[in-house]
Amino acid sequence: MTTTMPAPSTLRAFSFGGGVQSMGALVLAAQRRIDFDVFLFSNVGDDSEHPGTLTYYHQHAVPFAQRHGIDLRMLWRRKRTGETETLWQRLTKPGSRSLPIPVRMSNGAPGTRQCTADFKIRVIGAWLKAHGATATNPATVGIGISVDEIHRANKRRCEPHERIVYPLLELGLRRVDCMRIIREAGLPVPPKSSCFFCPFHRETAWQDMRRTDPELFDRACALEDLLNTRRTELGKDPVYLTRFGKPLSRVIPDGDQLIPLFEDGAGDCDSGWCAT
Ligand code: SF4
């Protein structure tokens, strides 16, 4: 006699980036318009995530999730020793040669990066595997890409233990629709999420940061200086956080002076693990 094994239940988790699309998805889950058991926010570090994203997470996302019985969890990267590691720590570690973020080379193009894989994809992957996801029973992972950013929806990063889905695309929602959904739920719209020093920032984002949070802007400039001090010692070309081949403090004017924008979107983050 043959026995039929029950099909393993599939874990459904949403990669929560802390921005507009992820928050829109959280509201949709509360309204039962999308079906996810758990929302996972891989925090690249309290010293690395944009402070506005973390403030919003604690002040609005967590209480909202609690009110609606949604399991929203913050995860961190852990080293083999069990200690947590932040992206800022890795970048600034004395003597480090590691350059894990997509810094801009002299031609303005972003270099390869490890940050998204190490601080987002693997962190969430480890949690999924610890909760039963395998290559034969992959977890369904929702990514918050909206219709207006459909070019970012690629499954190149798909790992064996996961099956990527794009619920906002399935519902035909744009970023502006997510904003409306968030407001209609009585919540403020979150700021754009990403590391505060991310080289994928558009020039307007740098300009806003310099105007509204000059201290944070100075920290990004200091990071760029540190990376280039090391590069000089190693006899390597400088790298930058913008695509203009000059230090951030010189490229982004102080005050309200507007810079000419040539924002063609080139170099945008090509996945939905960050900035969603
Ligand atoms: S936001 Fe930018 S710097 Fe931060 S993990 Fe993503 S790609 Fe890397």
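What counts, and where the lines are drawn
- Residues numbered from 1 in each chain as written.
- Predicted model: local features only at pLDDT ≥ 70, side-chain atom pairs only at ≥ 80, totals over all residues.
- Helix = DSSP H or I, 4+ residues; strand = E, 2+ residues; numbered from the N terminus.
- Buried ≥ 20, exposed ≤ 12 C-beta atoms within 10 Å, placed from the backbone.
- Pairing = 2+ DSSP bridges.
- Axes fitted to C-alpha atoms, helices over the stretch in contact; angles between N-to-C directions.
- Parallel < 35°, antiparallel > 145°, perpendicular 65-115°, else oblique.
- Left-handed = near helix turned anticlockwise from the far one by under 90°.
- Contact = placed C-beta atoms within 7 Å.
- Nonpolar A, V, L, I, M, F, W, Y, C, P; charged D, E, K, R; others polar.
- Core = buried A, V, L, I, M, F, W, Y, C linked by C-beta atoms within 7 Å.
- Domains from an automatic or database assignment.
- pLDDT = per-residue confidence, 0-100.
- Arc of directions from axis to C-beta.
- Right-handed = clockwise from strand over helix to strand, strands pointing away.

1. Considerations on the overall build of the chain
At step 1: Secondary structure assignment for the chain yields nine helices and five strands.
At step 2: Put simply, the chain runs from its N terminus to its C terminus through helices and strands in the order β-α-β-α-β-α-α-β-β-α-α-α-α-α.
At step 3: Considering the chain as a whole, with its 276 residues, one finds that 36% of them fall into the buried category.

2. Regarding the pairing of strand S4 (residues 139-143)
At step 1: With respect to burial, S4 is a largely interior element, four of its five residues being buried.
At step 2: Inspection of the sheet shows strand S1 (residues 12-15) paired to S4 by four bridges, in the parallel sense. Counterpart to Phe14 in the pairing with S4 is Gly142.

3. What to know about the packing of helix H1 (residues 20-30) against helix H6 (residues 175-184)
At step 1: Contact geometry of H1 with H6 gives a least axis separation of 8 Å together with a crossing angle of 50°. Classified by the interaxial angle, the pair formed by H1 and H6 is oblique. Regarding H1 and H6, the two cross each other, and that crossing is left-handed. On H6, the residues touching Val20, Gln21, Met23, Gly24, Val27 and Leu28 of H1 are Arg175, Cys178, Met179, Ile181 and Ile182.
At step 2: Of the residues contributing to the contact of H1 with H6, the split by class is eight nonpolar, two polar and one charged.

4. A look at the nonpolar core
Across soluble globular proteins, you tend to see nonpolar side chains buried next to one another.
At step 1: The biggest cluster of nonpolar side chains holds 60 residues, and the ones touching the most others in it are Ala13, Phe16, Ala25, Leu26, Phe39, Ala61 and Leu72.
At step 2: Of all the elements, H1 adds the most residues to this core, at seven residues.
At step 3: Mapping this core onto the domain boundaries places at least three of its residues in each of domain 1 (12-93 + 100-194) and domain 2 (201-260).

5. Re the sheet that holds S1
At step 1: With respect to topology, five strands assemble into an open sheet ordered S3-S2-S1-S4-S5, the strand pairing being parallel. Pairing within the sheet leaves two strands with one partner each, and these edge strands are strand S3 (71-75) and strand S5 (162-165). Between one strand axis and the next, the sheet turns by 30° as a mean value, whatever way the strands run.
At step 2: Sheet topology note: the strand S2 (residues 38-42)/S3 ladder contains five bridges and is parallel. Of the residues in S3, the one forming a bridge with Val38 is Asp71.

6. Side note on the environment of Thr55
At step 1: Following the sequence through the fold, Thr55 ends up in helix H2 (residues 51-67).
At step 2: Expressed as a C-alpha distance, the spacing of Thr55 and Pro190, which sit 135 residues apart in the sequence, is 9.4 Å.

7. Topic: the confidence of the model for the chain
Regions with low pLDDT should not have their predicted coordinates read in detail.
At step 1: Mean pLDDT over the chain works out to 90, with 90% of the residues at or above the 70 mark.
At step 2: A low-confidence stretch, residues 1-7 (pLDDT under 50), is modelled with zero contacts involving residues beyond four sequence positions or located in other chains.
At step 3: With pLDDT under 50 throughout, residues 261-267 is counted as low confidence; its partners more than four residues away or in other chains account for eight contacts.

8. Some words on the environment of Thr140
At step 1: Note that Thr140 resides in strand S4.
At step 2: Put simply, Thr140 and Glu162 are 22 residues apart on the chain and 5.8 Å apart in space, counted from C-alpha to C-alpha.

9. A few points about H6
At step 1: Among the residues of H6, those classed as buried are Arg175, Cys178, Ile181 and Ile182. Axial view of H6: buried residues confined to an arc of 115°, hence all on one face. Opposite its buried face, H6 presents the exposed residues Val176, Arg183 and Glu184, each directed more than 90 degrees away.
At step 2: Turning to H6, the residues buried within the fold contact H1.

10. So, the pairing of S2
At step 1: In terms of residue burial, S2 counts as a mostly covered element, since four of its five residues are buried.
At step 2: Relative to S2, S1 runs parallel, the two being bridged by three bridges. Across the sheet, residue Phe14 finds its bridge partner in S2, namely Phe39.
At step 3: Of the crossover connections in this fold, the one passing from S1 over H1 to the parallel S2 is right-handed.
At step 4: What joins S2 to S3 is H2, and the crossover it makes is right-handed.

11. Some thoughts on the environment of Ile70
At step 1: Note on placement: Ile70 falls in the loop between H2 and S3.
At step 2: Note on Ile70: 19 C-beta atoms within 10 Å, which makes it partly exposed.
At step 3: The sequence separation of Ile70 and Phe39 amounts to 31 residues, and the corresponding C-alpha distance is 7.6 Å.
At step 4: Beyond its immediate sequence surroundings of up to four residues, Ile70 is in contact with Leu26, Ala29, Ala30, Phe39 and Ala65.

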